[in-house]
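Next come the chains, spelled out residue by residue.
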Amino acid sequence: AQSVTQLDSHVSVSEGTPVLLRCNYSSSYSPSLFWYVQHPNKGLQLLLKYTSAATLVKGINGFEAEFKKSETSFHLTKPSAHMSDAAEYFCVVRISSNTGKLIFGQGTTLQVKP
Amino acid sequence: NAGVTQTPKFQVLKTGQSMTLQCAQDMNHEYMSWYRQDPGMGLRLIHYSVGAGITDQGEVPNGYNVSRSTTEDFPLRLLSAAPSQTSVYFCASSLRGRGSNTDTQYFGPGTRLTVL
């Protein structure tokens, strides 16, 4: 069965320091993985997606994620945090090529301190 | 394109009342779905549709009905609202459901529902 676990419910960083949001997945076949961001009282926006073309995926706003099959991980990183990055982040796995169904992690709240 | 639109943005119901949450997309997407978001639980799939006339249950379907008479619209019905259905509801769509792992799902802005 497919599942996704976000290892931290809350991450706090200072502005200008690196960001690391951790995600592990479980999938019985080659997964499609996504990171979405949700700003307060807003909908979800796609940051980036892994579709087996390249293990290092670059997304919007300077974020990137690396797919590591051996570690079943898809951690999200950014070299330098900005105040506007404060939001909730969801790691998502697509569980079926026939139905498009997604499974969401529990979410990680990123706090950025000035 | 307006993308994925949802109405209403906010709704308060009393226990036992019924209502329909509206979702529409203008991108000619085949796949549409409904999620609910609760604190600490991420988003959970309620129902989904891979095309007009085809719907199926997701992870948490109880208490909800859906239909898909057109490609554009995918309403979610609560027949008898319960306090446990207090949540934020998101509709999403993507170009294809079948045979594609890579399609991005686009989300609407959400409906915040409170059941008293």
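Summarised in this report is the structure supplied together with it. (Residues numbered from 1 in each chain as written. Chains lettered and ligands numbered in written order. Predicted model: local features only at pLDDT ≥ 70, side-chain atom pairs only at ≥ 80, totals over all residues. Heavy atoms only, no water.)

A few words now on the overall build of chain A. Tallying secondary structure elements over chain A gives zero helices and 12 strands in all. Walking chain A from its N terminus toward its C terminus, one meets helices and strands in the order β-β-β-β-β-β-β-β-β-β-β-β. The C-alpha atoms of chain A give 14 Å as radius of gyration, which agrees with the globular expectation for 114 residues (13 Å, within 12%). On chain A, roughly 5200 Å² of surface is accessible, and the fraction owed to carbon and sulfur atoms is 51%. (Helix = DSSP H or I, 4+ residues; strand = E, 2+ residues; numbered from the N terminus. Rg over C-alpha atoms; globule rule 2.2 N^0.38 Å. Areas by Shrake-Rupley, 256 points an atom, 1.4 Å probe, with all protein chains shown as cover.)

For the rest of this paragraph, the subject is the side chain of R36(B). Residues and elements named next belong to chain B. Tracing the backbone shows R36 in strand 4 (residues 31–37). Here the side chain of R36 touches Y64 through a polar contact of 2.9 Å, side chain to side chain. When neighbours within four sequence positions are excluded, R36 is seen to be in contact with G42, L43, R44, I46, V60, Y64, S84, Q85, T86, S87, V88 and Y89. (Polar contact = N/O pair within 3.5 Å; in protein donor to acceptor, adjacent residues only side chain to side chain. Contact = heavy atoms within 4.5 Å.)

With that settled, the discussion passes to the packing of aromatic side chains. In total, this model carries 13 aromatic pairs over all chains according to the counting rule given. Taken together, a centroid distance of 6.3 Å and an interplanar angle of 55° make the contact between Y50(A) and F74(A) tilted. Residue Y50(A) is located in strand 6 (residues 44–50), and its partner F74(A) is located in strand 9 (residues 73–78); the two are separated by 24 residues in the primary sequence. Take Y50(A) and F74(A): they sit in the same class, and that class is buried. Consider the rings of F104(A) and Y35(B), whose centres lie 5.3 Å apart with planes at 70°: the pair is edge-to-face. Taken together, the positions of F104(A) in strand 11 (residues 102–104) and Y35(B) in strand 4 put the pair across two chains. Comparing F104(A) with Y35(B), the two get one shared label, buried. Chaining the aromatic ring pairs together yields one cluster made of F34(A), Y36(A), F90(A), F104(A), Y35(B) and F107(B). Sitting over the face of the ring of F74(B), R68(B) holds its NZ or CZ atom 6.0 Å from the ring centroid. (Phe/Tyr/Trp six-rings, centres within 6.5 Å; stacked < 30°, edge-to-face > 60°. Buried < 20%, exposed > 50% of the residue type's maximum accessible area, 1.4 Å probe, protein only. Lys NZ or Arg CZ within 6 Å of the ring centre and 35° of its normal.)

Attention shifts here to the pairing of strand 9 of chain A. Residue and element names in this part refer to chain A. Two strands pair when backbone bridges link them, and strand 3 (residues 19–21) and strand 9 are joined in this way by three bridges, in the antiparallel orientation. Note that in strand 9 the partner of L21 across the bridge is L76. Across five bridges, strand 8 (residues 64–68) lies against strand 9 in antiparallel orientation. Residue pairing for strand 9: E66 is matched across the bridge by H75. Following strand 8, the chain reverses through four residues before pairing antiparallel with strand 9; T72 in that reversal takes a positive phi of roughly 45°. (Pairing = 2+ DSSP bridges.)

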